[in-house]
Amino acid sequence: MGAGGKKMKPLLRQKNYRNICAYKIESNMDYQDIVNDIYREVQAYFGQGKVASYIPALARVRPDQLGISVETINGRSALAGQADTRFSIQSISKAFTLAMAFALEGDNLWRRVGVEPSGNPFNSLVQLEFESGKPRNPFINAGALVVTDVLCSRYADPKGEILRFIRQLSGTDTIDFDEEVAQSEKEHGFRNQALAWFLKSCNNIHSDVDTVLDVYFHQCSIAMNCREMSRAFLFLANHGVLPATGEQLLTHSQAKRLNAILLTCGFYDQAGEFAFRVGMPGKSGVGGGVAAIIPGELAVAVWSPEVNEQGNSVVGIQALEWFTTRSGRSIF
Ligand code: DON
């Protein structure tokens, strides 16, 4: 009997259970079958979003592309589609720069940037003035600019250090900036310039504003593929330790905190919906990439260039929703 005395249908015959029961759920599971099915079925969602065009160099990307990569901390992987095609990582870079700045500054970082969801678009200006130049969180653009400023203060060559860190995480030396994308954003990044100058007026940018913007535009322009991206997020699934080398890049507690911010702020004004539908800490970029993790288990990267109004990949989020539903894995 169910609540209220109604007779319940056996779970396996309930409609919503269909997605789960088709796969065997076990901790050592092989994700390839699930990924193959998702790759085939989720293509029905092409055409629902639009390739970002406010950075002209991004607008040229072919829309109907999809790559998926899953990698577990004990070395298993599953791939589908264009998992080896590089894309512009854009705001996913904010997760990497935050890890670097947090490792350098520790909890002092939170004096300059908050840890609350903003409920506002990623490039919003209004909240920043109301809150006297302290950005709500490190993933909206205002917060990411403060994080990049920390790296500019700490390093003689912040662009080189960011690249070095991402190459180390992914184990790939060929990852690089896309100068055309960086230049294109520099020429059209008026809102970021406004945010940076406003932050400067509030004493929350310490370095030269043009230098901070140049580094920020370059970190966003980095090109990676899904295979490299899932590998690069694995240290967050592994409590701060890079599985390939055993290096501790963040403390256990710092990794926990970074994952908490990914969950609550990684998708801007769609963060609640992403947690509700997918149930993983993750980060999106307006190039159509999404990376997400399950602590102690795995990292997933999905790329499909059409994004919604919040700047998040439509097909990517759907693919991840099916991934957690069908695998029976999530943080909840
Ligand atoms: O700052 C910008 O507008 C871009 N470089 C990055 C924005 C972005 O990726 C938003 N996320 N989905």
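Residues numbered from 1 in each chain as written. Predicted model: local features only at pLDDT ≥ 70, side-chain atom pairs only at ≥ 80, totals over all residues. Heavy atoms only, no water.

1. What about the packing of aromatic side chains?
The final tally for this structure, using the stated rule, is ten aromatic pairs. The interplanar angle of 70° and the centroid separation of 5.4 Å between the aromatic rings of Phe96 and Phe233 together place this pair among those described as edge-to-face. Of the two residues, Phe96 is situated in helix α3 (residues 93–105) and Phe233 in helix α10 (residues 226–237); the sequence distance between them amounts to 137 residues. The exposure classification of Phe96 matches that of Phe233, with both residues buried. (Phe/Tyr/Trp six-rings, centres within 6.5 Å; stacked < 30°, edge-to-face > 60°. Helix = DSSP H or I, 4+ residues; strand = E, 2+ residues; numbered from the N terminus. Buried < 20%, exposed > 50% of the residue type's maximum accessible area, 1.4 Å probe, protein only.)

2. Concerning the side chain of Arg326
Relative to the elements of secondary structure, Arg326 occurs in helix α13 (residues 314–327). Take Arg326: its relative accessible area is 3%, and that puts it in the buried class. Within polar-contact distance, the side chain of Arg326 engages the side chain of Glu41 at 2.7 Å. (Polar contact = N/O pair within 3.5 Å; in protein donor to acceptor, adjacent residues only side chain to side chain.)

3. Notes on the confidence of the model for the chain
Confidence in the prediction of the chain, expressed as mean pLDDT, is 93, and 92% of residues score 70 or more. Ignoring residues within four places in sequence, the model shows residues 1–21, a span with pLDDT below 50, making 14 contacts including any to other chains. (pLDDT = per-residue confidence, 0-100. Contact = heavy atoms within 4.5 Å.)

4. Some details on the nonpolar core
Residues Phe96 and Phe233 are the most contacted members of the largest nonpolar core, which totals 64 residues. Here Phe96 is in contact with Ile89, Phe165, Ile166, Leu169, Met224, Met229, Ala232 and Phe233, once residues within four sequence places are set aside. Counting 28 residues, the second-largest nonpolar core is a separate cluster that includes Tyr31, Leu66, Met280 and Val290. (Core = buried A, V, L, I, M, F, W, Y, C linked by side-chain atoms within 4.5 Å.)

5. Some details on the environment of Gly288
Mapping Gly288 onto the fold places it in the loop between β6 (282–284) and β7 (289–294). Placed 146 residues apart in sequence, Gly288 and Ala142 show a C-alpha to C-alpha distance of 21 Å. Not counting residues within four places of it along the chain, the set of residues in contact with Gly288 comprises Val302, Trp303, Ser304, Pro305, Val307 and Ser313.

6. Regarding the pattern of salt bridges
The final tally for this structure, using the stated rule, is 18 salt bridges. The residue Glu180 makes a salt bridge to Arg60 at a minimum N-O spacing of 2.2 Å. Remark: Arg60 occurs in the loop between β1 (50–51) and β2 (67–72) and Glu180 occurs in helix α7 (residues 179–188); sequence separation between them is 120 residues. By relative accessible area, Glu180 is classed as partly exposed at 47%. Arg60 sits in the exposed class, given a relative accessible area of 56%. (Salt bridge = Lys/Arg side-chain N within 4 Å of Asp/Glu carboxyl O.)

7. Quick look at the packing of α7 against helix α9 (residues 209–221)
At their nearest, the axes of α7 and α9 sit 8 Å apart, and the two run at 135° to each other. Relative to α9, α7 is oriented oblique. Two packed elements cross with a definite hand, and for α7 against α9 that hand is right-handed. For the pair formed by α7 and α9, the contact residues are Glu179, Val181, Ala182, Glu185 and Lys186 on the first element and Asp214, Tyr216, Phe217, His218, Cys220 and Ser221 on the second. In terms of residue class, the contact of α7 with α9 is made up of five nonpolar, two polar and four charged. (Axes fitted to C-alpha atoms, helices over the stretch in contact; angles between N-to-C directions. Parallel < 35°, antiparallel > 145°, perpendicular 65-115°, else oblique. Left-handed = near helix turned anticlockwise from the far one by under 90°. Nonpolar A, V, L, I, M, F, W, Y, C, P; charged D, E, K, R; others polar.)

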